Each structure stands twice: as structure tokens, then as C-alpha cells.
Amino acid sequence: EAQVTQNPRYLITVTGKKLTVTCSQNMNHEYMSWYRQDPGLGLRQIYYSMNVEVTDKGDVPEGYKVSRKEKRNFPLILESPSPNQTSLYFCASSPQGTNYGYTFGSGTRLTVV
Amino acid sequence: GEDVEQSLFLSVREGDSSVINCTYTDSSSTYLYWYKQEPGAGLQLLTYIFSNMDMKQDQRLTVLLNKKDKHLSLRIADTQTGDSAIYFCLSNQFYFGTGTSLTVIP
């Protein structure tokens, strides 16, 4: 089944403890992206990647890192999480850039205490 | 960056039509999308429209595009309780609207 898989689905962590949210897609998509969703703010793009080894900042990149060493994986790294990064995170992928629509993962609900 | 705006809430009675509106600022948008997010789930692509079209119909869904006013709307005919969700418009793949929470009253 074609899908975007995120792990974990839920995570509670403490301030400053490094964490990684994994994202993997099995559709051979070139484009991948991370969003965070907050009430009243919709989805805001954190980072995106047009292809392997190519990553760019979205609208809210502060406090996050990403890597794209392989086409299928696009992990989101929080080196030192803070409470304002408590949010619902979505990974998405799309073929050949920006005109084909996204396939989304199921989301990761992160709470930083 | 681009601004994509939607009203936050909409309530309709079951069987009525729902109209969800979206305005955007980027006139170079070539594709415009509607996504649906059910509670506790990710976003699902509902429908899309090319910028050279004015209207697209897909069963109960009708998308209207007014390029001059940069206005996009999604009409859901015969709205059902299963249509209760948050609906997002997306312009040029990077910018989502804030989402409209649709509540269908039985």
C-alpha cells in the first residue's frame, strides 16, 4: 500500500532531550515536507526537500533540523525541544515537485514538558 | 510568503449544502487543492482544480475558482454527518489555509 509512515504517533518528552520523528514513504516521491499544525494557525511548513541531499527551510524552521540521505526517509530532529514545540506534526510527500498533491502521514502528536 | 485565508468555523444541518471559502494572494498559483482532515487523522486530498478552470464537479463536491478575485470555494451538496471535518485549501503546495472546521448537525 502506498503510504507515508511516521513514527511515533504520540510522544511526551522533557525540555532539552533530543528526539527524532521518523518519516518514510514507499512511493519513490522526490519531494518531502514537514508541517506542524497548531489551533487557529493551520499547517505551517517547517522544512522541505526537493530530492536527496537537498533541503530548504520553510516558514518555521527554528529549533528543527532535517536530513535527506535517502529518497524514502526524511527524519525531523529536535536537538533541544522546548514547550513551544508542542504540536501535531505531519510529514508529506509528493512526486516531481509541487503540482501533484501531497500524501500525508498520520501525524505525530508531540508534547514537551 | 503567501497568505491563504479561510474562516475558522462552519455549521450546517444534515442535508443542506455547505460552502467553504478560501482566498489566496499568489496569482501564479497553477493548482489549488482541497484537503480534508477527519478527527485524529492525517490530511486526505479531496479534490483539486487547475488554474485555467472555473469550475470542477466531482459527485457531491463542486469547486469554484475566481482567479480575478483569487477566491476558491468548495461546495458540498447534501452534507452528511460524515462530512464533519476540518477542510484546508492549499495553494502552490507550500501554503495552507488555516482550515475550516465543518460541523454537520443531524
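This is a predicted model, so every value here is computed, not measured.

Visitor: Would you take a moment to explain the pairing of strand β5 (residues 43-50) of chain B for this structure?
Guide: Regular strands place their side chains on alternate faces of the sheet. Residue and element names in this part refer to chain B. Both strand β4 (residues 31-37) and β5 contribute to a ladder of 7 bridges, which runs antiparallel. Paired with Q37 across the strands is L43, a residue of β5. If you look at the hairpin formed by β4 and β5, you'll find 5 residues sitting between the two strands, and G40 has a positive phi there, around 75°.

Visitor: Would you mind going over the interface of chain A and chain B with me for this structure?
Guide: How big an interface is tends to be reported as the loss of accessible area on association of its parts. Listed per partner, the contact involves 23 residues of chain A and 19 residues of chain B. For the chain A and chain B pair, buried surface summed over both sides reaches about 1500 Å², with 57% attributable to carbon and sulfur atoms. Counting across the interface, chain A meets chain B through 4 residue pairs in polar contact (both at pLDDT 80 or more). Counting residues per element, the ones that place at least two in the side of chain A that touches chain B are β4 (31-38), β5 (42-51) and β9 (87-94) of chain A. Sorting elements by how many residues they give to the side of chain A that touches chain B places β5(A) first, with 4 residues. By residue class, the composition of the side of chain A that touches chain B is 10 nonpolar, 11 polar and 2 charged.

Visitor: Please clarify how the sheet that holds strand β3 (residues 19-25) of chain A should be interpreted in this entry.
Guide: The strands that make up a sheet pair up through hydrogen bonds in the backbone, lying either parallel or antiparallel. Residues and elements named next belong to chain A. Strands sit in the order β1-β3-β8-β7 across an open sheet of 4 strands; the sheet is antiparallel. Among the strands making up the open sheet, the edge pair consists of β1 (4-7) and β7 (65-66). Here β3 runs beside strand β8 (residues 76-78); their pairing, made up of 3 bridges, is antiparallel. Following the sheet pairing, V21 is matched in β8 by L76.

Thresholds, definitions, all that
Residues numbered from 1 in each chain as written. Chains lettered and ligands numbered in written order. Predicted model: local features only at pLDDT ≥ 70, side-chain atom pairs only at ≥ 80, totals over all residues. Heavy atoms only, no water. Pairing = 2+ DSSP bridges. Helix = DSSP H or I, 4+ residues; strand = E, 2+ residues; numbered from the N terminus. Contact = heavy atoms within 4.5 Å. Buried area = accessible area lost by both parts, 1.4 Å probe. Polar contact = N/O pair within 3.5 Å; in protein donor to acceptor, adjacent residues only side chain to side chain. Nonpolar A, V, L, I, M, F, W, Y, C, P; charged D, E, K, R; others polar.

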